[in-house]
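# Coordinates in review
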Amino acid sequence: MTAFAADLSEPPITMFGPDFPFDYDRWAGHPDGLGSVPTDRLGTPVAVVGGGISGVVAAYELMRLGLRPVVFEADQLGGRMRTASFPGHPGTVAELGAMRFPPSATTLFHYVGLVGMETRPFPNPLAPATPHTVVDVNGARHFARVTEDLPTVYQEVYDAWTKVLEEGADFAAMDAAIRRRNTATIKALWNRLVPLLDDRSFYGFLASSSAFASFRHREIFGQVGFGSGGWDTDFPNSMLEILRVVYTGADDRHRALVGGAQQLPLRLWRHAPGRTAHWPAGTSLASLHPGGPRPAVTRISRTGGGIRVETAGGAAEFAAAVLTPQVRLLLSRIDTAEDLFPADVWTAIERTHYMGGSKLFALVDRPFWRDVDERTGRPVMGMTLTDRAPRGVYLFDDGAGAPGVMCLSYTWNDDSLKVAALPAEERLDVMLRHLRRIYPGVDIRSRIIAPPLSVTWETEPHFMGAFKGNLPGHYRYQRRLFTHFMQDGLAGHQRGVFLAGDDVSWTGGFAEGAVTTALNAVWGVMRHLGGRTPTANPGPGDAFPAIAPIELPY
Ligand code: ARG
């Protein structure tokens, strides 16, 4: 359900979030730039491990500061912003990773604007751009254009959610404070809730509220929930994770990136900033990496000379390094020297919990789902939320004359594991079997014109998981990862390595967290090399003492 429709009389919501409400969008877009490093440091090589959106943003901004980013990428530039096209059909777009972006991701959208990408509404359940939504729960099917078309029990669920958010989480006050960027109020509200809710699961929070006393209500909520729906696979996660998403509009009014999400990191790679401290006009990450990014990193350690980064082909030393792979890679594929992090940061890395995620895509001759069934007067098929195997079916079209792309299934956690071992063709059989039950008259298979595409992030060699999801009791671990860029308290030999990525942020599974933690790392590198921010444009580390995430006792 698209909850909390935008009230245009209100200032817009942002994704900075209640834990560390720093306005990254202003910092990134400020005409004075992010800061400067001492002249004798200009051109200093800085390693950036991982070429996803976090690594590319970090590298781009380091370049703007006049440093020399050296990007290492084991797989494809873009990371989980991975767009595939169907073989033989160039230009078709199957978003294997990130696919929908909330307008509240204002820092991400700063970079989207910079590279001149267009966006369009993403066809989420019951969204204005979605012609038709079908909800299939417990064997019953409902057809809807807007939430009000659904049976009254859905309205009851929506009302119950509104009620628990208000009673248990000060929703209206937080919403107003985030819109006004009223940091003091945001902190006051959140600092009260963190100790109360860190040990509560999403499900526990619902089940202990009088508004969700009915099991049926909880079940339906798990299916249609808020925003993009289907969040019951998050039921075991910490309630704080859910509140961050809801408060910041992260699951609302999603946009798709026209041409594919991967174009954002790829275009930023080629983008020449207007003015940099050191590099000649026209310099881009692409021009600094004539042979493309360096290959997979195998080992990271410290030597007298700095941070040593090894690949199968050689090794180099850097004054600083930004590490953006999912942190669990530092425990396995990348042999990371123990003394680079304090013991409690290693514990936080070990405890990091990832959600699984799978998708299956098919290409069809045309968007047949828009055809109207004469008997019912409804489109023959719609965006579908189901409690059976496919979970979420998303329909994408470029007009009646072009092929259509169907995401026949998007699943998380256990629902993803159910298909993880199945090849794409077998997944297709499974999903079509379920869709035949929901749409008895529709022969989807006869429309398919290319082999299916699938992904399971937990079996991807350089990821092993889709995105972070903090479990109850994980606040302290998350805080250690996020605040690691503030290094004054670290031993000298532990300084100069900076973590970034959505799993280091407070919003796992959202590109905004990848981008904002990249900016934290850039601030950290600048500081580590003796640089500073302009007086008129203080950075996240400058703001840290005033707005640091609350510390919980041990
Ligand atoms: N942003 C991702 C999506 O729209 C999913 C992230 C959800 N996070 C979570 N904990 N379930 O599909």
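The name that an unreviewed UniProt entry assigns to the protein is FAD-dependent oxidoreductase, with the source organism given as Microbispora oryzae.

## Digging into the site of the ligand
Close contacts around the ligand come from R100, W231, D234, M355, Y410, W412, F467, G508, G509 and F510, and that covers them all. Within the side chain of R100, a nitrogen or oxygen atom sits 2.7 Å from an oxygen atom of the ligand. Between the ligand and G509 there is a distance of 2.8 Å, counted from a nitrogen atom to a backbone nitrogen or oxygen. Surface burial for the ligand is 93%, taken as the share of its 350 Å² of free accessible area covered by protein chains. The residue makeup of the shell around the ligand, split by class, is 6 nonpolar, 2 polar and 2 charged.

## Concerning the sheet that holds strand 2 (residues 68-72)
Taken in spatial order, the 4 strands make up an open sheet running 2-1-12-21, and their pairing is parallel. Strand pairing shows two members of the sheet lacking a second neighbour, strand 2 and strand 21 (497-499), which therefore form its edges. Across this sheet, the average inter-strand angle for adjacent strands is 20 degrees, counted without regard to direction. Alignment of strand 12 (residues 321-323) against strand 21, held across 3 bridges, turns out to be parallel.

## Here we look at the sheet that holds strand 17 (residues 392-397)
Spatially, 7-6-16-17-18-15-19 is the arrangement adopted by the 7 strands of the open sheet, whose pairing is mixed. Looking at strand neighbours, the two that pair on one side only are strand 7 (140-144) and strand 19 (453-456), the edges of this open sheet. Mean inter-strand twist for the sheet, computed between neighbouring axes without regard to direction, equals 15 degrees. As judged from the 5 bridges shared by strand 6 (residues 133-137) and strand 7, these two strands associate in the antiparallel manner. Residue pairing across strands places V135 opposite H142, the latter belonging to strand 7.

## As for the pattern of salt bridges
For the coordinates displayed, the defined rule picks out 30 salt bridges. E61 serves as the salt-bridge partner of R64, at 2.7 Å between the closest nitrogen and oxygen. Here R64 and its partner E61 are both found in helix 2 (residues 53-64), 3 residues apart, which amounts to about one turn of the helix. By relative accessible area, which is 1% here, E61 ends up buried. For the salt bridge of R80 with D502, the shortest nitrogen-to-oxygen distance reads 2.5 Å. One end of the pair, R80, is in the loop between strand 2 and strand 3 (83-84); the other, D502, is in the loop between strand 21 and helix 16 (511-528), with 422 residues separating them in the sequence. When its relative accessible area of 6% is taken as the criterion, D502 is described as buried.

## Details of the side chain of D136
Among the structural elements, D136 can be located in strand 6. Here the side chain of D136 touches T386 through a polar contact of 2.7 Å, side chain to side chain. Ignoring any residue separated from it by four or fewer positions in sequence, one finds D136 in contact with R141, L385, T386, D387, R388, R437 and I438.

## A closer look at the environment of H254
Note on placement: H254 falls in the loop between helix 9 (239-247) and strand 8 (255-257). Among the residues examined, H254 registers a relative accessible area of 4% and is labelled buried. A sequence separation of 155 residues divides H254 from M99, and the C-alpha atoms of the two residues are 9.0 Å apart. The residues touching H254, leaving out its near neighbours within four places in the chain, are R100, F101, P102, P121, F122, N124 and S228. One polar contact links the side chain of H254 to the main-chain carbonyl oxygen of A250, over a distance of 2.8 Å.

## Examining the nonpolar core
Counting residues in each nonpolar core, the largest one holds 128 residues, and the members touching the most others are W161, F202 and L264. If one sorts the elements of this core by residue count, helix 16 sits on top with 10 residues. Summarising the domain contributions, this core has at least three residues from each of domain 1 (39-79 + 259-350 + 471-532) and domain 2 (133-253). By size, the runner-up hydrophobic cluster in this structure holds 27 residues, among which are I307, F318, L323 and A337.

## Observations regarding the domain arrangement of the protein
By domain assignment, the protein separates into domain 1 (39-79 + 259-350 + 471-532) and domain 2 (133-253). Taking only C-alpha atoms into account, the centre of domain 1 sits 34 Å from that of domain 2. In this assembly, 9 residues from domain 1 lie in contact with 14 residues from domain 2. For the pairing of domain 1 and domain 2, the buried interface totals around 860 Å² over both sides, and the portion due to carbon and sulfur atoms is 63%. Of all residues in domain 1, P472, Y475 and F510 bury the most surface against domain 2, accounting for 54% of the area lost on that side. On inspection of domain 1 and its partner domain 2, the count reaches 1 salt bridge. Linking R476 and D198 is a salt bridge whose minimum nitrogen-to-oxygen distance equals 3.7 Å. Our count for the contact surface shared by domain 1 and domain 2 stands at 3 residue pairs in polar contact (both at pLDDT 80 or more). When its residues are assigned to classes, the side of domain 1 that touches domain 2 shows 5 nonpolar, 3 polar and 1 charged.

## Quick notes on the side chain of S409
Its location among the elements puts S409 in strand 18 (residues 404-412). At 3.1 Å, the side chain of S409 and the backbone oxygen of P390 are in polar contact. Excluding residues within four positions of it along the chain, S409 makes contact with S358, K359, L360, A389, P390, G392 and M431.

## Notes on the confidence of the model for the protein
In low-pLDDT regions, the fine details of the predicted coordinates are not to be read closely. Per-residue pLDDT for the protein has a mean of 96; in total, 99% of the residues score no lower than 70. Note on residues 1-6: pLDDT is under 50 here. Beyond four places in sequence and across chains, it has 21 contacts. Scoring of the predicted complex yields 0.97 for pTM and 0.97 for ipTM.

## Some details on unusual backbone geometry
Positioned with a positive phi, L126 is a non-glycine residue whose angle comes to about 60 degrees. As for its placement among the helices and strands, L126 is situated in the loop between strand 5 (119-121) and strand 6. For L126, a relative accessible area of 8% corresponds to the buried category.

## With respect to the packing of aromatic side chains
Overall, the coordinates contain 34 aromatic pairs when judged by the stated rule. Pairing F20 with F544 gives two aromatic rings, centres 5.7 Å apart and planes at 40 degrees, and the pair type is tilted. Residue F20 is found in the segment before helix 1 (24-29), and its partner F544 is found in helix 17 (residues 540-547); the two are separated by 524 residues along the sequence. Here the aromatic rings of W190 and Y247 are separated by 5.8 Å at their centres, their planes lie at 80 degrees, and the arrangement is edge-to-face. In this pair, W190 sits in helix 6 (residues 183-197) while Y247 sits in helix 9, placing the two residues 57 residues apart along the sequence.

What counts and how
- Residues numbered from 1 in each chain as written.
- Predicted model: local features only at pLDDT ≥ 70, side-chain atom pairs only at ≥ 80, totals over all residues.
- Heavy atoms only, no water.
- Near = heavy atom within 4 Å.
- Polar contact = N/O pair within 3.5 Å; in protein donor to acceptor, adjacent residues only side chain to side chain.
- Areas by Shrake-Rupley, 256 points an atom, 1.4 Å probe, with all protein chains shown as cover.
- Nonpolar A, V, L, I, M, F, W, Y, C, P; charged D, E, K, R; others polar.
- Pairing = 2+ DSSP bridges.
- Helix = DSSP H or I, 4+ residues; strand = E, 2+ residues; numbered from the N terminus.
- Axes fitted to C-alpha atoms, helices over the stretch in contact; angles between N-to-C directions.
- Salt bridge = Lys/Arg side-chain N within 4 Å of Asp/Glu carboxyl O.
- Buried < 20%, exposed > 50% of the residue type's maximum accessible area, 1.4 Å probe, protein only.
- Contact = heavy atoms within 4.5 Å.
- Core = buried A, V, L, I, M, F, W, Y, C linked by side-chain atoms within 4.5 Å.
- Domains from an automatic or database assignment.
- Buried area = accessible area lost by both parts, 1.4 Å probe.
- pLDDT = per-residue confidence, 0-100.
- Phe/Tyr/Trp six-rings, centres within 6.5 Å; stacked < 30°, edge-to-face > 60°.

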